[in-house]
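Examining the three-dimensional arrangement
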Amino acid sequence: MPENMNPFEPPAGGLSLYLHVPFCERKCPYCAFESKVPSEGEKELWLQTVERELLWWESRIGRPLLLTCYIGGGTPTVLSGPEWIRLAEMLERHFTFDAGAEVTVEANPNSLRAEHLLFWRDWRTTRVSIGAQSFDDAELIQLGRLHSAARAWEAISASLASGFSVNADFMFGLPGQTFRNWARTLSQAAGSGIAHISLYQLTIEPGTAWESMPEEELSDGYLPYRWAQWYLPSKGFGQYEIANFAKRGHESRHNINYWKEGDCLGIGPGASGQIRGWRYKNISGLGGYSDSLKSGKSAIASGERLTGSRRASEAAVLALRMKQGIEREAFARKYGPDEESRVIKILEAFPGDLYSVGTDRICLTPKGMRVANRIWSELV
Ligand code: SF4
(Lines give C-alpha, C1' and ligand atoms only; values in the text may rest on other atoms or scores of the structure.)
Protein backbone atom coordinates (compact mmCIF):
# COMPACT_ATOMS: atom_id res chain seq x y z
CA MET A 1 0.00 0.00 0.00
CA PRO A 2 1.43 3.43 -0.89
CA GLU A 3 2.53 5.66 1.96
CA ASN A 4 0.14 8.36 3.20
CA MET A 5 -2.76 6.21 2.10
CA ASN A 6 -5.25 5.05 4.66
CA PRO A 7 -7.90 2.93 3.00
CA PHE A 8 -9.70 2.56 6.28
CA GLU A 9 -10.76 6.18 6.59
CA PRO A 10 -14.55 6.26 6.66
CA PRO A 11 -15.84 6.91 3.14
CA ALA A 12 -17.66 10.19 2.66
CA GLY A 13 -21.39 9.62 2.24
CA GLY A 14 -22.82 6.15 1.99
CA LEU A 15 -21.48 2.95 0.52
CA SER A 16 -22.58 -0.46 -0.72
CA LEU A 17 -22.23 -3.79 1.04
CA TYR A 18 -21.71 -7.15 -0.61
CA LEU A 19 -22.06 -10.12 1.74
CA HIS A 20 -20.94 -13.51 0.47
CA VAL A 21 -22.72 -16.68 1.59
CA PRO A 22 -20.28 -19.47 0.61
CA PHE A 23 -22.70 -22.40 0.68
CA CYS A 24 -24.72 -24.33 -1.89
CA GLU A 25 -26.90 -27.44 -1.73
CA ARG A 26 -24.79 -29.01 -4.47
CA LYS A 27 -21.86 -27.77 -6.53
CA CYS A 28 -22.83 -27.10 -10.17
CA PRO A 29 -20.26 -28.58 -12.59
CA TYR A 30 -19.51 -25.24 -14.33
CA CYS A 31 -19.32 -23.05 -11.23
CA ALA A 32 -16.10 -21.33 -10.14
CA PHE A 33 -17.67 -19.17 -7.43
CA GLU A 34 -16.51 -19.65 -3.87
CA SER A 35 -19.13 -22.07 -2.56
CA LYS A 36 -19.39 -25.55 -1.08
CA VAL A 37 -21.94 -27.85 0.51
CA PRO A 38 -21.80 -26.91 4.21
CA SER A 39 -20.76 -29.62 6.62
CA GLU A 40 -21.97 -29.82 10.22
CA GLY A 41 -21.31 -26.57 12.08
CA GLU A 42 -20.01 -24.59 9.08
CA LYS A 43 -22.99 -22.27 8.79
CA GLU A 44 -22.62 -21.43 12.49
CA LEU A 45 -18.88 -20.83 12.00
CA TRP A 46 -19.61 -18.56 9.03
CA LEU A 47 -22.19 -16.54 10.98
CA GLN A 48 -19.81 -16.09 13.92
CA THR A 49 -16.95 -15.11 11.61
CA VAL A 50 -19.02 -12.60 9.66
CA GLU A 51 -19.80 -10.92 12.99
CA ARG A 52 -16.04 -10.80 13.73
CA GLU A 53 -15.34 -9.28 10.32
CA LEU A 54 -18.07 -6.68 10.79
CA LEU A 55 -16.57 -5.75 14.17
CA TRP A 56 -13.13 -5.49 12.57
CA TRP A 57 -14.46 -3.06 9.96
CA GLU A 58 -16.51 -1.12 12.52
CA SER A 59 -13.36 -0.41 14.55
CA ARG A 60 -11.87 1.20 11.42
CA ILE A 61 -14.66 2.88 9.52
CA GLY A 62 -17.34 3.19 12.18
CA ARG A 63 -20.97 2.54 11.37
CA PRO A 64 -21.39 3.46 7.71
CA LEU A 65 -24.55 4.42 5.91
CA LEU A 66 -25.63 1.70 3.49
CA LEU A 67 -27.11 2.85 0.20
CA THR A 68 -27.29 -0.66 -1.23
CA CYS A 69 -26.83 -4.13 0.22
CA TYR A 70 -26.43 -7.32 -1.81
CA ILE A 71 -26.48 -10.72 -0.13
CA GLY A 72 -25.23 -13.22 -2.67
CA GLY A 73 -23.23 -16.37 -3.02
CA GLY A 74 -23.24 -19.24 -3.20
CA THR A 75 -26.82 -19.76 -2.23
CA PRO A 76 -28.18 -17.47 0.50
CA THR A 77 -31.38 -19.55 0.65
CA VAL A 78 -29.31 -22.41 2.09
CA LEU A 79 -29.61 -20.38 5.31
CA SER A 80 -32.71 -21.25 7.34
CA GLY A 81 -35.26 -18.69 8.54
CA PRO A 82 -33.65 -18.40 12.02
CA GLU A 83 -30.19 -18.03 10.43
CA TRP A 84 -31.52 -15.21 8.26
CA ILE A 85 -32.91 -13.48 11.34
CA ARG A 86 -29.47 -13.64 13.01
CA LEU A 87 -27.78 -12.34 9.88
CA ALA A 88 -30.18 -9.42 9.50
CA GLU A 89 -29.84 -8.51 13.19
CA MET A 90 -26.07 -8.50 12.75
CA LEU A 91 -26.27 -6.13 9.78
CA GLU A 92 -28.64 -3.85 11.68
CA ARG A 93 -26.13 -3.70 14.56
CA HIS A 94 -23.21 -2.65 12.37
CA PHE A 95 -24.75 -0.44 9.68
CA THR A 96 -27.24 2.35 9.28
CA PHE A 97 -29.47 1.59 6.31
CA ASP A 98 -30.45 4.55 4.19
CA ALA A 99 -34.24 5.05 4.17
CA GLY A 100 -34.30 4.22 0.45
CA ALA A 101 -31.65 1.49 0.56
CA GLU A 102 -31.81 -1.13 -2.18
CA VAL A 103 -31.47 -4.52 -0.51
CA THR A 104 -31.07 -7.52 -2.82
CA VAL A 105 -31.01 -11.19 -1.83
CA GLU A 106 -30.11 -14.05 -4.14
CA ALA A 107 -32.39 -17.07 -4.14
CA ASN A 108 -32.07 -20.55 -5.58
CA PRO A 109 -35.43 -21.93 -6.75
CA ASN A 110 -34.72 -25.27 -5.08
CA SER A 111 -34.12 -23.91 -1.59
CA LEU A 112 -36.37 -20.84 -1.56
CA ARG A 113 -39.05 -21.30 1.11
CA ALA A 114 -42.08 -19.31 2.24
CA GLU A 115 -40.19 -18.53 5.47
CA HIS A 116 -37.54 -16.70 3.45
CA LEU A 117 -40.04 -14.55 1.62
CA LEU A 118 -41.98 -13.77 4.80
CA PHE A 119 -38.85 -12.72 6.65
CA TRP A 120 -37.41 -10.71 3.76
CA ARG A 121 -40.69 -8.80 3.44
CA ASP A 122 -40.68 -8.00 7.16
CA TRP A 123 -37.04 -6.97 7.03
CA ARG A 124 -35.99 -4.39 4.45
CA THR A 125 -35.46 -6.50 1.30
CA THR A 126 -36.48 -4.74 -1.91
CA ARG A 127 -35.16 -7.11 -4.63
CA VAL A 128 -34.96 -10.87 -5.04
CA SER A 129 -32.57 -12.28 -7.65
CA ILE A 130 -33.44 -15.82 -8.70
CA GLY A 131 -30.97 -18.23 -10.31
CA ALA A 132 -33.49 -19.66 -12.80
CA GLN A 133 -30.87 -20.28 -15.57
CA SER A 134 -33.38 -21.83 -18.00
CA PHE A 135 -37.05 -22.75 -18.40
CA ASP A 136 -36.08 -25.97 -20.14
CA ASP A 137 -35.89 -29.08 -17.93
CA ALA A 138 -33.33 -30.85 -20.13
CA GLU A 139 -31.01 -27.81 -19.96
CA LEU A 140 -31.42 -27.60 -16.19
CA ILE A 141 -30.48 -31.27 -15.80
CA GLN A 142 -27.50 -30.76 -18.10
CA LEU A 143 -26.35 -27.84 -15.93
CA GLY A 144 -26.58 -30.02 -12.84
CA ARG A 145 -29.21 -27.78 -11.29
CA LEU A 146 -31.44 -29.21 -8.58
CA HIS A 147 -34.57 -27.35 -9.67
CA SER A 148 -37.00 -27.91 -12.53
CA ALA A 149 -38.49 -25.26 -14.81
CA ALA A 150 -41.75 -25.56 -12.84
CA ARG A 151 -39.88 -24.86 -9.59
CA ALA A 152 -38.23 -21.79 -11.14
CA TRP A 153 -41.70 -20.53 -12.09
CA GLU A 154 -42.96 -21.11 -8.55
CA ALA A 155 -40.02 -19.21 -7.07
CA ILE A 156 -40.60 -16.28 -9.44
CA SER A 157 -44.37 -16.23 -8.83
CA ALA A 158 -44.00 -16.41 -5.04
CA SER A 159 -41.39 -13.63 -5.03
CA LEU A 160 -43.60 -11.42 -7.20
CA ALA A 161 -46.63 -12.15 -5.01
CA SER A 162 -44.57 -11.04 -2.01
CA GLY A 163 -44.14 -7.64 -3.63
CA PHE A 164 -40.42 -7.75 -4.54
CA SER A 165 -38.76 -6.36 -7.62
CA VAL A 166 -37.56 -9.64 -9.16
CA ASN A 167 -34.51 -10.44 -11.27
CA ALA A 168 -33.89 -13.81 -12.87
CA ASP A 169 -30.59 -15.10 -14.29
CA PHE A 170 -30.45 -17.12 -17.51
CA MET A 171 -27.59 -18.89 -19.29
CA PHE A 172 -26.78 -19.26 -22.96
CA GLY A 173 -24.05 -20.99 -24.92
CA LEU A 174 -24.83 -24.39 -23.35
CA PRO A 175 -23.67 -27.49 -25.23
CA GLY A 176 -26.41 -28.38 -27.71
CA GLN A 177 -28.66 -25.45 -26.72
CA THR A 178 -30.96 -24.71 -29.63
CA PHE A 179 -31.98 -21.23 -30.66
CA ARG A 180 -35.61 -22.29 -30.30
CA ASN A 181 -35.07 -23.26 -26.64
CA TRP A 182 -33.29 -20.00 -25.90
CA ALA A 183 -35.98 -17.90 -27.56
CA ARG A 184 -38.66 -19.81 -25.63
CA THR A 185 -36.91 -19.27 -22.30
CA LEU A 186 -36.54 -15.54 -22.99
CA SER A 187 -40.14 -15.21 -24.10
CA GLN A 188 -41.35 -16.90 -20.91
CA ALA A 189 -39.05 -14.75 -18.80
CA ALA A 190 -40.25 -11.53 -20.46
CA GLY A 191 -43.88 -12.49 -19.85
CA SER A 192 -43.42 -13.68 -16.26
CA GLY A 193 -43.86 -10.30 -14.54
CA ILE A 194 -40.23 -9.92 -13.47
CA ALA A 195 -38.62 -6.50 -13.89
CA HIS A 196 -34.97 -7.44 -14.47
CA ILE A 197 -33.18 -10.10 -16.50
CA SER A 198 -29.47 -11.00 -16.30
CA LEU A 199 -27.85 -13.11 -19.01
CA TYR A 200 -24.67 -15.16 -18.66
CA GLN A 201 -22.75 -17.01 -21.31
CA LEU A 202 -21.48 -20.40 -20.14
CA THR A 203 -17.69 -20.45 -20.02
CA ILE A 204 -15.34 -23.27 -19.06
CA GLU A 205 -13.54 -22.34 -15.86
CA PRO A 206 -10.45 -23.97 -14.37
CA GLY A 207 -11.03 -25.81 -11.11
CA THR A 208 -14.59 -26.84 -12.03
CA ALA A 209 -15.93 -30.30 -12.86
CA TRP A 210 -16.24 -29.19 -16.49
CA GLU A 211 -12.71 -27.77 -16.73
CA SER A 212 -11.59 -30.35 -19.29
CA MET A 213 -14.62 -29.93 -21.55
CA PRO A 214 -13.42 -28.72 -24.97
CA GLU A 215 -14.59 -25.15 -25.71
CA GLU A 216 -15.92 -26.43 -29.05
CA GLU A 217 -18.68 -28.30 -27.22
CA LEU A 218 -20.25 -25.03 -26.12
CA SER A 219 -22.77 -23.53 -28.50
CA ASP A 220 -21.97 -20.20 -30.14
CA GLY A 221 -23.15 -17.32 -27.96
CA TYR A 222 -23.26 -14.59 -30.59
CA LEU A 223 -26.70 -15.28 -32.03
CA PRO A 224 -28.56 -15.90 -28.72
CA TYR A 225 -27.05 -12.72 -27.27
CA ARG A 226 -27.94 -10.72 -30.35
CA TRP A 227 -31.48 -12.05 -30.18
CA ALA A 228 -31.76 -10.99 -26.53
CA GLN A 229 -30.53 -7.48 -27.42
CA TRP A 230 -33.34 -7.16 -29.94
CA TYR A 231 -36.09 -9.11 -28.22
CA LEU A 232 -35.92 -7.94 -24.60
CA PRO A 233 -36.10 -4.18 -25.37
CA SER A 234 -39.12 -4.93 -27.59
CA LYS A 235 -40.78 -6.28 -24.41
CA GLY A 236 -39.88 -3.26 -22.29
CA PHE A 237 -36.56 -4.49 -20.85
CA GLY A 238 -33.96 -1.86 -21.71
CA GLN A 239 -30.37 -3.04 -21.96
CA TYR A 240 -28.54 -0.88 -19.44
CA GLU A 241 -25.40 -3.00 -19.22
CA ILE A 242 -23.76 -5.74 -21.24
CA ALA A 243 -25.45 -8.57 -19.30
CA ASN A 244 -28.42 -6.75 -17.78
CA PHE A 245 -31.86 -5.71 -18.98
CA ALA A 246 -34.50 -4.00 -16.86
CA LYS A 247 -37.89 -2.34 -16.92
CA ARG A 248 -37.51 1.40 -16.33
CA GLY A 249 -36.64 2.16 -12.70
CA HIS A 250 -35.67 -1.45 -11.88
CA GLU A 251 -31.97 -1.23 -12.80
CA SER A 252 -29.71 -2.60 -10.04
CA ARG A 253 -28.32 0.36 -8.13
CA HIS A 254 -25.86 -1.93 -6.37
CA ASN A 255 -24.28 -3.05 -9.62
CA ILE A 256 -24.32 0.46 -11.10
CA ASN A 257 -22.34 1.63 -8.06
CA TYR A 258 -19.79 -1.11 -8.80
CA TRP A 259 -19.49 -0.17 -12.47
CA LYS A 260 -19.02 3.45 -11.41
CA GLU A 261 -16.20 2.38 -9.04
CA GLY A 262 -18.20 3.35 -5.95
CA ASP A 263 -17.24 2.29 -2.44
CA CYS A 264 -18.32 -1.24 -1.62
CA LEU A 265 -17.47 -3.26 1.45
CA GLY A 266 -17.06 -6.95 0.60
CA ILE A 267 -17.70 -9.27 3.54
CA GLY A 268 -17.29 -13.05 3.69
CA PRO A 269 -14.73 -15.59 2.47
CA GLY A 270 -13.37 -14.72 -0.97
CA ALA A 271 -15.39 -11.48 -1.14
CA SER A 272 -13.91 -8.43 -2.88
CA GLY A 273 -14.40 -4.80 -1.95
CA GLN A 274 -13.25 -1.31 -2.77
CA ILE A 275 -12.93 1.61 -0.40
CA ARG A 276 -11.80 5.03 -1.67
CA GLY A 277 -9.97 3.57 -4.64
CA TRP A 278 -8.23 0.86 -2.59
CA ARG A 279 -9.50 -2.55 -3.55
CA TYR A 280 -9.05 -5.76 -1.66
CA LYS A 281 -9.86 -9.45 -1.71
CA ASN A 282 -10.66 -11.54 1.32
CA ILE A 283 -9.07 -14.87 2.19
CA SER A 284 -10.75 -17.72 0.31
CA GLY A 285 -12.05 -20.76 2.14
CA LEU A 286 -14.06 -20.66 5.35
CA GLY A 287 -11.23 -22.20 7.43
CA GLY A 288 -8.54 -19.65 6.60
CA TYR A 289 -11.00 -16.75 6.67
CA SER A 290 -12.20 -17.79 10.11
CA ASP A 291 -8.71 -18.53 11.54
CA SER A 292 -7.44 -15.13 10.51
CA LEU A 293 -10.26 -13.19 12.15
CA LYS A 294 -10.17 -15.43 15.25
CA SER A 295 -6.51 -14.57 15.77
CA GLY A 296 -7.37 -10.86 15.69
CA LYS A 297 -6.13 -10.23 12.15
CA SER A 298 -8.21 -9.02 9.22
CA ALA A 299 -9.90 -11.19 6.59
CA ILE A 300 -8.04 -9.39 3.82
CA ALA A 301 -5.73 -11.56 1.69
CA SER A 302 -4.50 -8.83 -0.66
CA GLY A 303 -5.13 -5.20 -1.48
CA GLU A 304 -3.92 -2.66 -4.00
CA ARG A 305 -4.49 0.89 -5.07
CA LEU A 306 -4.52 1.19 -8.83
CA THR A 307 -2.87 4.27 -10.26
CA GLY A 308 -2.21 5.96 -13.58
CA SER A 309 -3.20 4.32 -16.86
CA ARG A 310 -4.08 1.04 -15.24
CA ARG A 311 -6.70 2.67 -13.05
CA ALA A 312 -8.06 4.75 -15.94
CA SER A 313 -8.26 1.66 -18.18
CA GLU A 314 -10.15 -0.34 -15.60
CA ALA A 315 -12.53 2.56 -15.00
CA ALA A 316 -13.08 2.88 -18.77
CA VAL A 317 -13.88 -0.82 -19.14
CA LEU A 318 -16.33 -0.73 -16.23
CA ALA A 319 -18.05 2.40 -17.57
CA LEU A 320 -18.23 1.07 -21.13
CA ARG A 321 -20.08 -1.99 -19.86
CA MET A 322 -23.01 0.35 -19.22
CA LYS A 323 -25.22 1.82 -21.92
CA GLN A 324 -24.50 5.31 -20.57
CA GLY A 325 -20.79 4.68 -21.06
CA ILE A 326 -18.01 7.04 -20.00
CA GLU A 327 -19.06 10.51 -18.82
CA ARG A 328 -16.32 12.44 -20.57
CA GLU A 329 -16.05 15.48 -18.31
CA ALA A 330 -15.97 13.46 -15.09
CA PHE A 331 -13.52 10.93 -16.59
CA ALA A 332 -11.12 13.64 -17.81
CA ARG A 333 -11.30 15.42 -14.46
CA LYS A 334 -10.52 12.23 -12.53
CA TYR A 335 -7.90 10.60 -14.77
CA GLY A 336 -6.68 13.46 -16.94
CA PRO A 337 -7.39 14.47 -20.57
CA ASP A 338 -4.49 12.32 -21.82
CA GLU A 339 -6.16 9.18 -20.51
CA GLU A 340 -9.44 10.19 -22.11
CA SER A 341 -7.65 10.73 -25.46
CA ARG A 342 -5.93 7.35 -25.09
CA VAL A 343 -9.28 5.58 -24.65
CA ILE A 344 -10.71 7.32 -27.72
CA LYS A 345 -7.63 6.45 -29.77
CA ILE A 346 -7.93 2.77 -28.86
CA LEU A 347 -11.62 2.74 -29.79
CA GLU A 348 -10.87 4.45 -33.11
CA ALA A 349 -8.88 1.41 -34.18
CA PHE A 350 -12.20 -0.52 -34.23
CA PRO A 351 -14.95 -0.18 -36.85
CA GLY A 352 -17.02 2.96 -36.24
CA ASP A 353 -20.29 1.07 -35.72
CA LEU A 354 -18.98 -0.52 -32.49
CA TYR A 355 -18.76 2.69 -30.45
CA SER A 356 -19.82 6.31 -30.39
CA VAL A 357 -17.89 9.34 -29.17
CA GLY A 358 -20.29 12.19 -28.38
CA THR A 359 -19.61 15.54 -26.76
CA ASP A 360 -20.73 14.23 -23.35
CA ARG A 361 -20.24 10.48 -23.51
CA ILE A 362 -18.26 7.65 -25.01
CA CYS A 363 -20.35 4.49 -25.41
CA LEU A 364 -20.34 1.08 -27.01
CA THR A 365 -23.17 0.46 -29.46
CA PRO A 366 -25.25 -2.74 -29.09
CA LYS A 367 -22.99 -4.22 -31.78
CA GLY A 368 -19.92 -3.15 -29.80
CA MET A 369 -21.31 -4.89 -26.70
CA ARG A 370 -21.44 -8.13 -28.70
CA VAL A 371 -17.68 -8.02 -29.23
CA ALA A 372 -16.77 -6.28 -25.98
CA ASN A 373 -14.09 -8.82 -25.04
CA ARG A 374 -12.07 -7.81 -28.10
CA ILE A 375 -12.32 -4.16 -27.05
CA TRP A 376 -11.37 -4.90 -23.42
CA SER A 377 -8.25 -6.74 -24.51
CA GLU A 378 -7.02 -3.57 -26.21
CA LEU A 379 -8.06 -1.24 -23.40
CA VAL A 380 -6.43 -2.98 -20.44
S1 SF4 B 1 -26.00 -22.72 -7.19
FE2 SF4 B 1 -24.86 -20.99 -8.09
S3 SF4 B 1 -23.16 -20.56 -6.70
FE4 SF4 B 1 -23.99 -22.60 -6.17
S5 SF4 B 1 -22.69 -24.05 -7.27
FE6 SF4 B 1 -24.48 -23.61 -8.59
S7 SF4 B 1 -23.87 -21.88 -9.89
FE8 SF4 B 1 -22.39 -22.02 -8.19
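Conventions and cut-offs
- Residues numbered from 1 in each chain as written.
- Predicted model: local features only at pLDDT ≥ 70, side-chain atom pairs only at ≥ 80, totals over all residues.
- Heavy atoms only, no water.
- Core = buried A, V, L, I, M, F, W, Y, C linked by side-chain atoms within 4.5 Å.
- Buried < 20%, exposed > 50% of the residue type's maximum accessible area, 1.4 Å probe, protein only.
- Helix = DSSP H or I, 4+ residues; strand = E, 2+ residues; numbered from the N terminus.
- Domains from an automatic or database assignment.
- Contact = heavy atoms within 4.5 Å.
- Phe/Tyr/Trp six-rings, centres within 6.5 Å; stacked < 30°, edge-to-face > 60°.
- Polar contact = N/O pair within 3.5 Å; in protein donor to acceptor, adjacent residues only side chain to side chain.
- Pairing = 2+ DSSP bridges.
- Right-handed = clockwise from strand over helix to strand, strands pointing away.
- Buried area = accessible area lost by both parts, 1.4 Å probe.
- Salt bridge = Lys/Arg side-chain N within 4 Å of Asp/Glu carboxyl O.
- Nonpolar A, V, L, I, M, F, W, Y, C, P; charged D, E, K, R; others polar.
- Arc of directions from axis to C-beta.

**Structural notes on the nonpolar core**
- In this structure, Trp46, Trp57, Ile71, Leu91, Trp120, Leu199 and Leu232 are the most contacted members of the largest nonpolar core, which totals 94 residues.
- A per-element tally of this core places helix α1 (residues 42–61) first, with 7 residues.
- The two domains that each donate at least three residues to this core are domain 1 (15–259) and domain 2 (308–379).
- Not counting residues up to four positions away in its chain, the partners in contact with tryptophan 57 are Phe8, Gly62, Leu265, Ile267, Ile275, Tyr280 and Ile300.

**Focus: the packing of aromatic side chains**
- Taken as a whole and assessed by the stated rule, the structure comprises 19 aromatic pairs.
- Plain terms: the ring middles of phenylalanine 172 and tyrosine 225 are 6.1 Å apart, the flat faces sit at 20 degrees to each other, and that makes the pair stacked. You can see phenylalanine 172 sitting in strand β5 (residues 165–172) and its partner tyrosine 225 sitting in helix α7 (residues 222–234), a full 53 residues away along the chain. For the residue pair phenylalanine 172 and tyrosine 225, the accessibility class agrees, reading buried in each case.
- When the ring of tryptophan 227 is compared with that of tryptophan 230, the centres are 5.1 Å apart and the planes differ by 50 degrees; the resulting orientation is tilted. Separated by 3 residues within a single helix, tryptophan 227 and tryptophan 230 lie in helix α7, roughly one turn from each other.

**Some details on the side chain of histidine 94**
- Relative to the helices and strands, histidine 94 is located in helix α2 (residues 81–94).
- In this structure the side chain of histidine 94 is engaged in a polar contact, spanning 2.5 Å, whose partner is the side chain of glutamate 51.
- Dropping the residues within four chain positions of it, histidine 94 is found in contact with Glu51, Leu54, Leu55, Glu58, Arg63 and Pro64.

**Describing the sheet that holds strand β13 (residues 326–327)**
- Taking strand neighbours across the sheet as the criterion, the 3 strands line up as β13-β15-β14 in an open arrangement whose pairing is antiparallel. Bordering the open sheet on either side are β13 and β14 (355–357), each of which pairs with just one other strand.

**Topic: the environment of threonine 68**
- For threonine 68, the location among the structural elements is in strand β2 (residues 65–73).
- A relative accessible area of 4% places threonine 68 in the buried class.
- It is 11 Å that separates the C-alpha atoms of threonine 68 and tyrosine 258, two residues lying 190 residues apart in sequence.
- Residues contacting threonine 68, with those up to four places away along its chain left out, are Leu15, Ser16, Leu17, Glu102, Arg253 and His254.
- There is a polar contact of 2.6 Å between the side chain of threonine 68 and the side chain of serine 16.

**Quick word on the pairing of strand β3 (residues 96–107)**
- As defined by bridge partners, β2 adjoins β3 across 6 bridges and the pair is classed as parallel. Counted as the bridge partner of isoleucine 71 is valine 105 from β3.
- Taking the sense of rotation as the criterion, the β-α-β connection linking β2, α2 and β3 turns out right-handed.
- Note: β3 against strand β4 (residues 127–133), 4 bridges, orientation parallel. Its bridge partner lying in β4, alanine 107 is registered against isoleucine 130.

**Points about the domain arrangement of the protein**
- Taken domain by domain, the protein comprises domain 1 (15–259) and domain 2 (308–379).
- Contacts between domain 1 and domain 2 engage 11 residues on the former and 10 residues on the latter.
- The contact between domain 1 and domain 2 buries some 1100 Å² in all, and 61% of this surface belongs to carbon and sulfur atoms.
- As a salt-bridge pair, glutamate 241 and arginine 321 come within 2.5 Å of each other at their nearest N and O atoms.
- At the surface where domain 1 touches domain 2, the tally comes to 6 residue pairs in polar contact (both at pLDDT 80 or more).
- Among the secondary structure elements, those contributing two or more residues to the side of domain 1 that touches domain 2 are α7, β7 (238–241) and α8 (253–259).
- With 4 residues, the single largest contributor to the side of domain 1 that touches domain 2 is α7.
- Residue classes in the side of domain 1 that touches domain 2 are distributed as 7 nonpolar, 2 polar and 2 charged.

**Description of helix α3 (residues 114–122)**
- If you check which residues of α3 are buried, you get His116, Leu117, Phe119 and Trp120. Seen end-on, α3 carries its buried residues on one side only, within an arc spanning 170 degrees. Structural note: α3 exposes Ala114 and Asp122 on the side pointing more than 90 degrees away from its buried face.
- On the buried face of α3, the contacting elements are α2, β3, β4 and α5 (149–161).

**Comments concerning unusual backbone geometry**
- The peptide bond linking glycine 73 to glycine 74 adopts the cis configuration, its omega dihedral lying at 25 degrees.
- Following the sequence through the fold, glycine 74 ends up in the loop between β2 and α2.
- Here glutamine 133, not a glycine, exhibits a phi torsion of approximately 70 degrees, which is positive.
- Considering the arrangement of structural elements, one finds glutamine 133 in strand β4.
- The exposure class of glutamine 133 is buried, given its relative accessible area of 8%.
- Phi at arginine 276 is positive, roughly 50 degrees, even though this residue is not glycine.

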